[in-house]
Amino acid sequence: MAEDTVAAPSVVLTLELLPSALVGSILSKLDVSSLCSIASTSRLFRASVPQIFSFLPEFDLQDIAPTFDLLRPLLPPNPYLRILKVDCRALDDSSIAHLINPSLREICLQNCENFSGYLLREIGKRCKDLRFLYLGNTAERKGHEVLISDLQELLIGCTQLESLNLMFDISTFSRHSFAHVWSYASGDLRSLEIGFISSVMMTELLSSKCVNRPPQYSMQPILFPNLQKLSLSVDYITDTLVTTISKGLVSLSHLDLQDAPIIEPAVTIDLTNAGLQQINSHGRFRHLSLVRSQEFIVTYFKRVNDLGVLLMADKCSNLESISLGGFCRVTDAGMRAILHSCTNLRKLRVCHGTKITNLMFHDISATSLSLTHVGLRCCSLLTNTAFTSLATNKDLKVLDLRDCLNLGDDALKAVGCLPNLQVLLLDGSNVTDLGLSYLRHSVTSLTTLSVRGCPRLTDQCITAIFESPFSHKLQILDLSNLPNLTDDGILFLAKSGIPLFELHLRECPHIGDTSVMALASMKIEGWSGSSLRLLDVYESGMITKLAIQWLKRPYFPRLRWLGVTGSVNRDMVDSLARSRPFLHIACRGEELGCGYWDTSDGFCRWEHEEVDELEQWLLEGEDESDESDDGEMMLD
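Summary of the structure given here. Worth saying up front: this structure is predicted, and the values here are computed from it rather than measured. (Residues numbered from 1 in each chain as written. Predicted model: local features only at pLDDT ≥ 70, side-chain atom pairs only at ≥ 80, totals over all residues. Heavy atoms only, no water.)

Quick word on the overall build of the protein chain
When its secondary structure is counted, the protein chain shows 23 helices and 22 strands. Considering only contacts in the protein chain between residues 6 or more positions apart, those separated by 24 or more positions represent 76%. Element-wise, carbon and sulfur atoms account for 51% of the exposed surface of the protein chain, whose accessible area totals about 25,600 Å². (Helix = DSSP H or I, 4+ residues; strand = E, 2+ residues; numbered from the N terminus. Contact = heavy atoms within 4.5 Å. Areas by Shrake-Rupley, 256 points an atom, 1.4 Å probe, with all protein chains shown as cover.)

Given below as structure tokens:
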């Protein structure tokens, strides 16, 4: 199907000699991509795989965006299908009847911009036993829309929903009937995430009496009686919104609010100390995230100071995770109140803490905290002393220190003593090649490293990274915007044979065709062909049309995401896109990746992919890498 590696002939022959029942049992344990790949290796598997798709319990095809013609033979009638996960970028309403199966319990459809509200309506009609629903970017294309009646049909039909993620703008719905429609929501709903909604609409929804409730909810005193997790992106986080949520949702334990004001908020539409005091009215909160984004204008929560945070910390002593972004008047006193009051705290994130200094952490060793995730992005007053104190938490797994401008090599000496560190983000810091070498003998578990925009790094940082013990586990590496990085450094990386999944080299002025050629020619642990699934060389200064040639088949057989400057040679880029239909090519500077930098709870995350044992065996046993001629598994 999707340009995957073809298994070694010797391995295929061995499998063909097994009893057919055993072969079927083995194949049933593979994921969709692996099944499509192995089907192209022999007649036996080509005949067996279609039968597997008829009783496969989970269908996960998110690494490519399949067309309807490709998807149709992979989704035959299947009464056993329970989980469906698809990237729908190349699909539209015409594929709904084939996608939606009444047996489904979980649906995750990403990039649904070509669909209309008909998608919601049909899910409501067909999937009566649905428990989990995620719809991303629905009806974003011109000419498509989602009506409030579509949402009503979804809620009426899916009466057993436990998790609902509507990742699109619902603020255009009629406010007059909005609350009534939500009265049909499942009483079992425990998690609700909305891509965008106005704070006024959400406040009115939770404040409504909903006198016209359907009969099955006539005894239900409030909306969402069992809701435990609420994640919203709104126009303004206000006292009214926070108070209404905290008082109205009696079971809530997880609150995630983010706003992005387009004008400076007035006091009536802003968060103040008074609003913070109302948080956690029912005492169940375990996670709290309040973040003011600077997407449109530079703005902060200017009406919140240490007093508000002190009062909030006293009521939220059971918090296990907290994320605060844009609290420009909160000082060390407020933050220390959180550290000393919330004894169960494991995850801490502070973004744009303009008044946070080293004093925040100077006595952290005296607390009983065992932090695992810490983010201190854009806290520019922090120095090496703060990070040395922070590193006394030996359980740290994630450190996001992006844009901490005063972070230097001495901080990395302390970080290098963290035995469980998996994610380290140092973007924009003052570290040098020597500083990275301090990680060499201590950090053995690192899987993600970002040093984007660190001006003092050179090619020697590659040596520091890939001669270190942790380099064998490293999967994601961001070397973007390094003015002194050259092709020589990438040549050393390629020779190391480390099986990286993602490599970011955008905006590096001295990176050119040689780097792409070297990466394309890598040999990884005995098998040829780069392991990269994402490569970003957008605005790398020396990339020419020669590099585009090396991005074609059979090179980079596993590549799914590519960032490149479209103006390098528009015709060649378009030709590359046609020849590799399952390769997502970004030519306008879009950031690529799965969003592991910032998740809904405000922390960085990398989830290791589960690889079936047979698939791993096939990869280890192969002698050559190749791709199918048409990019599709040939199912008749």
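Let's pick the thread back up.
Focus: the packing of helix 13 (residues 306-315) against helix 14 (residues 332-341)
Relative to each other, helix 13 and helix 14 sit at 10°, their axes nearing to 8 Å. Taken together, the axis directions place helix 13 and helix 14 in an arrangement best described as roughly parallel. Two secondary-structure elements touch here, helix 13 through Asp306, Val309, Leu310, Met312 and Ala313 and helix 14 through Ala333, Gly334, Ala337, Ile338 and Ser341. A breakdown of the residues in the contact of helix 13 with helix 14 according to their chemical character gives 7 nonpolar, 2 polar and 1 charged. (Axes fitted to C-alpha atoms, helices over the stretch in contact; angles between N-to-C directions. Parallel < 35°, antiparallel > 145°, perpendicular 65-115°, else oblique. Nonpolar A, V, L, I, M, F, W, Y, C, P; charged D, E, K, R; others polar.)

Some points on the pattern of salt bridges
In total, this model carries 21 salt bridges according to the counting rule given. Notably, a salt bridge pairs Asp270 with Arg292, separated by 3.1 Å at the nearest N-O pair. Taken together, the positions of Asp270 in the loop between strand 8 (254-259) and helix 12 (273-276) and Arg292 in strand 9 (residues 287-292) put the pair 22 residues apart, joining distant regions of the chain. In this structure, Asp400 and Arg402 form a salt bridge, with 2.7 Å as the shortest nitrogen-oxygen distance. (Salt bridge = Lys/Arg side-chain N within 4 Å of Asp/Glu carboxyl O.)

Here's the deal with the pairing of strand 3 (residues 106-110)
Two faces belong to every sheet, and in a regular strand the side chains alternate between them. As paired elements, strand 2 (residues 83-87) and strand 3 share 5 bridges and run parallel to each other. Looking at the pairing, Asp87 lines up with Gln110 of strand 3. For strand 3 and strand 4 (residues 132-136), the ladder comprises 4 bridges, and the chain directions are parallel. Across the sheet, residue Ile107 finds its bridge partner in strand 4, namely Leu133. (Pairing = 2+ DSSP bridges.)

Regarding a nonpolar patch on the surface
Together, Ile262, Ile263 and Phe296 line one region of the surface with nonpolar side chains, adding up to about 330 Å² of accessible area. As for its position among the elements, Ile262 is in the loop between strand 8 and helix 12. Exposure remark for Ile262: the relative accessible area of 59% places this residue in the exposed category. (Patch = residues over 30% accessible without salt bridge, like charges linked within 9 Å, V, L, I, M, F, W, Y side chains within 5 Å. Buried < 20%, exposed > 50% of the residue type's maximum accessible area, 1.4 Å probe, protein only.)

Topic: helix 10 (residues 199-207)
By the burial criterion, the buried members of helix 10 are Ser199, Met201, Met202, Thr203, Leu205 and Leu206. Structurally, helix 10 contributes buried residues whose contacts are with helix 9 (175-182), strand 7 (229-234) and helix 11 (239-248).

With respect to the environment of Ile100
Within the fold, Ile100 resides in the loop between helix 6 (96-99) and strand 3. Each C-alpha atom, one on Ile100 and one on Leu84, is 8.6 Å from the other, the two residues being 16 residues apart in sequence. Once you skip the residues sitting within four places of it in the chain, Ile100 turns out to touch Ile107, Glu122, Ile123, Arg126 and Cys127.

Description of the packing of helix 8 (residues 148-157) against helix 9
The N-to-C vectors of helix 8 and helix 9 enclose an angle of 5°; their axes lie 10 Å apart at closest approach. On the basis of the axis angle, helix 8 is roughly parallel to helix 9. Between helix 8, through Ile148, Leu151, Gln152 and Leu155, and helix 9, the contact on the second element is made entirely by Ser177, Phe178, Val181 and Trp182. For the contact of helix 8 with helix 9, the per-class residue count stands at 6 nonpolar, 2 polar and no charged.

Quick look at the pairing of strand 2
For strand 1 (residues 58-61) and strand 2, the ladder comprises 4 bridges, and the chain directions are parallel. Each residue of the ladder has a partner; that of Leu61, found in strand 2, is Val86. Each parallel crossover has a hand, and for strand 1 linked through helix 5 (residues 68-74) to strand 2 it is right-handed. (Right-handed = clockwise from strand over helix to strand, strands pointing away.)

Remarks on the side chain of Ser531
Within the secondary structure, Ser531 is located in the loop between strand 19 (527-528) and strand 20 (534-536). Take Ser531: its relative accessible area is 4%, and that puts it in the buried class. Among the polar contacts listed, one links the side chain of Ser531 to the backbone oxygen of Leu500, at a separation of 2.7 Å. (Polar contact = N/O pair within 3.5 Å; in protein donor to acceptor, adjacent residues only side chain to side chain.)

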